[in-house]
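Residue-level listing of the chains:
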Amino acid sequence: MYIVYSDKYKEHYSSTHHIENPDRLTRALKSLKGEKIVEPIKVDDPQIVHSEEYVNKIRNIKGEEWIDADTYANEKTYETALYALGGALKAFELQGFALVRPPGHHAGKNGRALNAPTLGFCIFNNIAYIIKKKMLRHVAIIDFDVHYGNGTQEIFYDDPEVLHIDIHQDPKTIFPGTGFPEMIGKGEAEGTKVNLIIPPRGSDDLYDELLPIIQAIIEDFKPAYIIFSAGFDGFKGDGLASLNLTEYTFYNLGSLGKRSSAVLEGGYGIGLERGLPAFIKGLKGEEAEYPKEKSSDAVKSKFFDLLEKEKGILRDYWKI
Ligand SMILES: [Zn+2]
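This report concerns the structure included in the present document. From a predicted model like this one, the values you see are computed outputs, not experimental measurements.

Considerations on the coordination of the zinc ion
Distances from the zinc ion to its protein donors, namely Asp145 (OD), Asp145 (OD), His147 (ND1) and Asp233 (OD), fall within the range 2.0 to 2.7 Å. With 4 donor atoms in place around the zinc ion and angles of 53 to 153° between them, the coordination shape is irregular. On the primary sequence, the residues serving as donors to the zinc ion are separated as D-x1-H-x85-D. Comparing Asp145 with His147, the two get one shared label, buried.

Below, the structure written as structure tokens:
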């Protein structure tokens, strides 16, 4: 599998400690030994995704600066973010994995998306860039970062050509506070935005319930391409969230999209060391078996209440 990576992705950093830092990539690379590394290209048209005003704001950052309470930038941020867009594009072309930062899925057209309090460490939306640049039609995004990909969903909210399936921890309990199942897209795009929710402390067994639903929607939509917004922060103990996922789930997620491409979003510790290589194995279609972690009865019962509601909404649009 081609891994699109460059040391340039380490030039965006903060002088004070931040969980979204260049060491993430060092950890990820260690877990991907043996894969082929290719250099990204740099692009110069973030305006195809973002407003001129937002692009200028990032371009004009001169030194270290906090864009908001969560998100820093430095004098190299703009250039690094352009390489991240180009890395995502290259990974799409090679059916590979874009090991890039800064991440992108919280960045909407004008920056913060859907009234989110912050940009959540993101600068430009890497996955949206692929779709806009290549003018892809009939494409599916599967976003399994533990946080809702509010930027991506906002950008494509009224676009019926983009099926966006986003699995995330219950937004009542985590950033960005939106991403409820009732958010289904608007106009002709109604039904093409799918939000599936996992309660805190949820584990692999709950994803086992969701995967057949995702598969059924994909079979119904028949996308020409599947692209993953790949976050590994749902891994048990990764640090930012409260889910208890293991290799088992990340492998199964990868298996959903053989011959697809993926772009890194979150993942800050053990998720990059163990979740990422399991996902890549699934993506490559390699055989693997991992033990499955189970949720408590209380968590399961919350999950099944949510699932019934979600199925009720989805049945209006999909053969599930
Ligand atoms: Zn995340």
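Next comes the rest of the account.
What about helix α3 (residues 77-94)?
Here α3 spans 25 Å end to end across 18 residues, near enough to the 26 Å set by a 1.5 Å rise per residue. Across the 18 residues that make up α3, a large majority, 14, are buried. Where α3 terminates, the next one or two residues include Gln95, which has phi positive at roughly 50°.

Points about the sheet that holds strand β5 (residues 97-98)
Overall, parallel pairing links the 8 strands, which are arranged β2-β1-β5-β12-β11-β8-β9-β10 in an open sheet. Sheet topology places β2 (36-38) and β10 (193-198) at the edges, where each strand pairs with a single neighbour. When strand β11 (residues 225-230) meets strand β12 (residues 261-264), the two strands line up parallel, connected through 4 bridges. Looking at the pairing, Phe228 lines up with Ala262 of β12. Lying on the sheet, α3 is in contact with β1 (2-4), β2, β5, β11 and β12; it crosses β1 at an angle near 170°.

Digging into the side chain of His164
Here His164 is to be found in strand β9 (residues 162-169). In this structure His164 comes out as buried when scored by relative accessible area, which is 1%. Setting aside its immediate chain neighbours within four residues, His164 contacts Ile141, Asp143, Gly149, Thr152, Gln153, Thr192, Lys193 and Val194.

Topic: the pairing of strand β8 (residues 139-143)
With respect to burial, β8 is a largely interior element, 5 of its 5 residues being buried. Burial along β8 is two-sided: the residues Val139, Ile141 and Asp143 and Ala140 and Ile142 are all buried. Direction of pairing for β8 relative to β9: parallel, over a ladder of 5 bridges. When the bridges of β9 are listed, Val139 appears paired with Val162. Handedness of the β8-helix α5 (residues 150-155)-β9 crossover: right-handed. Bridging between β8 and β11 involves 5 bridges; their strand directions are parallel. Counterpart to Val139 in the pairing with β11 is Tyr225.

Thresholds, definitions, all that
- Residue numbering note: each chain is counted from 1, following its sequence as written.
- Side-chain atom pairs in this predicted model are given and counted only at pLDDT of 80 or more, local residue features only at pLDDT of at least 70, and totals for whole chains, interfaces and linings cover all residues.
- Excluding hydrogens and water, the side-chain figures rest on all heavy atoms present in the structure.
- Atoms of type N, O and S within 2.8 Å of a metal are treated as its donors, and for Na, K and Ca the window is 3.2 Å; water is not considered, so some sites may appear to be missing partners.
- Sites are called tetrahedral only when four donors show all angles between 85 and 135 degrees, square planar or octahedral only when four or six donors show opposite pairs over 155 degrees and all other angles between 65 and 115, and irregular in any remaining case.
- In this scheme, a residue with accessible area under 20% of its type's maximum is buried, one over 50% is exposed, and one in between is partly exposed, where area comes from a 1.4 Å probe on protein chains only.
- What counts as a helix is a DSSP run of H or I of at least four residues, what counts as a strand is a run of E of at least two, and both are numbered from the N terminus.
- In this analysis, the expected span of each helix is defined as 1.5 Å times one less than the number of residues it contains.
- If DSSP finds at least two bridges between two strands, the strands pair.
- Contacts were defined at the residue level, with two residues in contact if any of their heavy atoms lie within 4.5 Å.
- As a rule, the C-alpha atoms of each element are fitted with a line to give its axis, helices using only the stretch in contact, and angles between N-to-C directions run from 0 to 180 degrees.
- Assignment of crossover handedness uses the view with strands pointing away from the viewer, where a clockwise path from the first strand over the helix to the second indicates a right-handed crossover.

As far as function goes, none of this settles anything; it's purely spatial.
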